[in-house]
Amino acid sequence: IMAGALGSVTLQLNPKNKEAHYGLGHIYALQGKLAQSEEEFRTAIQIDDAYSEAHTYLGQVLASQGKLDEAIQSYRSALANPLYATPDLARFHLGRALAQRGDLQEAMETLEDAVVANPASVPPALTQLELGRVYSKLGYTAKAREALSKVKALDKNGEYTDAATELLARLK
């Protein structure tokens, strides 16, 4: 609540502060206030259209509301900026949204791009897990096994390992 009040004060002082809108969007997202969060991220983007972090976070908020087409567009807008510091984050979420929409081939290509990021902004095990899921849906059993085995190696006994183990069992 304190951070939200601080964000509001900052915006009263300078309504064109994109970071304040981003911060407020983040707080609203954490509180589950997705409509307000979406509005703040859109405002930050209106101030600076090349604000890739805001495009990516907006995509996540849209995806969690089931607005996949808009989310995909938002991730693509983030990736259009060649100076974006963490493009694998947008690629990961884009791949996940494409898979949810049923665009498995493009999801696979996008996640394959995300998985080679170094340093990674998304836990490598999580990216491998999503890639394994897509390979599995496409019927690429050997590639799915390989990706899911990497999950187990990267995330020893972690939450992603459980999901990977479950998927591997269904592949046999």
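Our subject in this report is the structure included herewith. In this text, all values refer to a predicted model and were calculated from it rather than measured experimentally.

1. As for helix α4 (residues 52-64)
- Taking 1.5 Å per residue as the helical rise, α4 with its 13 residues ought to reach 18 Å, and the 18 Å between its terminal C-alpha atoms agrees with that figure.
- Of all the positions in α4, only S52, A54, H55, T56, Y57, L58, G59, V61 and L62 are classed as buried.
- Looking at the buried residues of α4, the elements they touch are α2 (18-30), α3 (34-47), α5 (68-79) and α6 (87-101).
- A positive phi of about 80 degrees marks G66, the residue just after α4.

2. As for the packing of α2 against α3
- Running from N to C, α2 and α3 cross one another at 165 degrees; their axes reach a closest spacing of 8 Å. Considering the angle they form, α2 stands roughly antiparallel to α3. In the crossing of α2 with α3, the sense of the turn from one axis to the other is left-handed. On α3, the residues touching K18, H21, Y22, L24, G25, H26, Y28 and A29 of α2 are L34, Q36, S37, E40, F41, T43, A44 and I47.

3. Structural notes on the packing of aromatic side chains
- Counted under the stated rule, the structure contains five aromatic pairs.
- Consider the rings of Y22 and Y51, whose centres lie 5.6 Å apart with planes at 35 degrees: the pair is tilted. Of the two residues, Y22 is situated in helix α2 and Y51 in the loop between α3 and α4; the sequence distance between them amounts to 29 residues.
- Between Y135 and Y140 the ring centres are 6.4 Å apart and the planes differ by 55 degrees, which places this aromatic pair in the tilted class.
- By relative accessible area, Y140 is classed as partly exposed at 34%.

Calculation notes
- Residues numbered from 1 in each chain as written.
- Predicted model: local features only at pLDDT ≥ 70, side-chain atom pairs only at ≥ 80, totals over all residues.
- Heavy atoms only, no water.
- Helix = DSSP H or I, 4+ residues; strand = E, 2+ residues; numbered from the N terminus.
- Expected span 1.5 Å × (residues − 1).
- Buried < 20%, exposed > 50% of the residue type's maximum accessible area, 1.4 Å probe, protein only.
- Contact = heavy atoms within 4.5 Å.
- Axes fitted to C-alpha atoms, helices over the stretch in contact; angles between N-to-C directions.
- Parallel < 35°, antiparallel > 145°, perpendicular 65-115°, else oblique.
- Left-handed = near helix turned anticlockwise from the far one by under 90°.
- Phe/Tyr/Trp six-rings, centres within 6.5 Å; stacked < 30°, edge-to-face > 60°.

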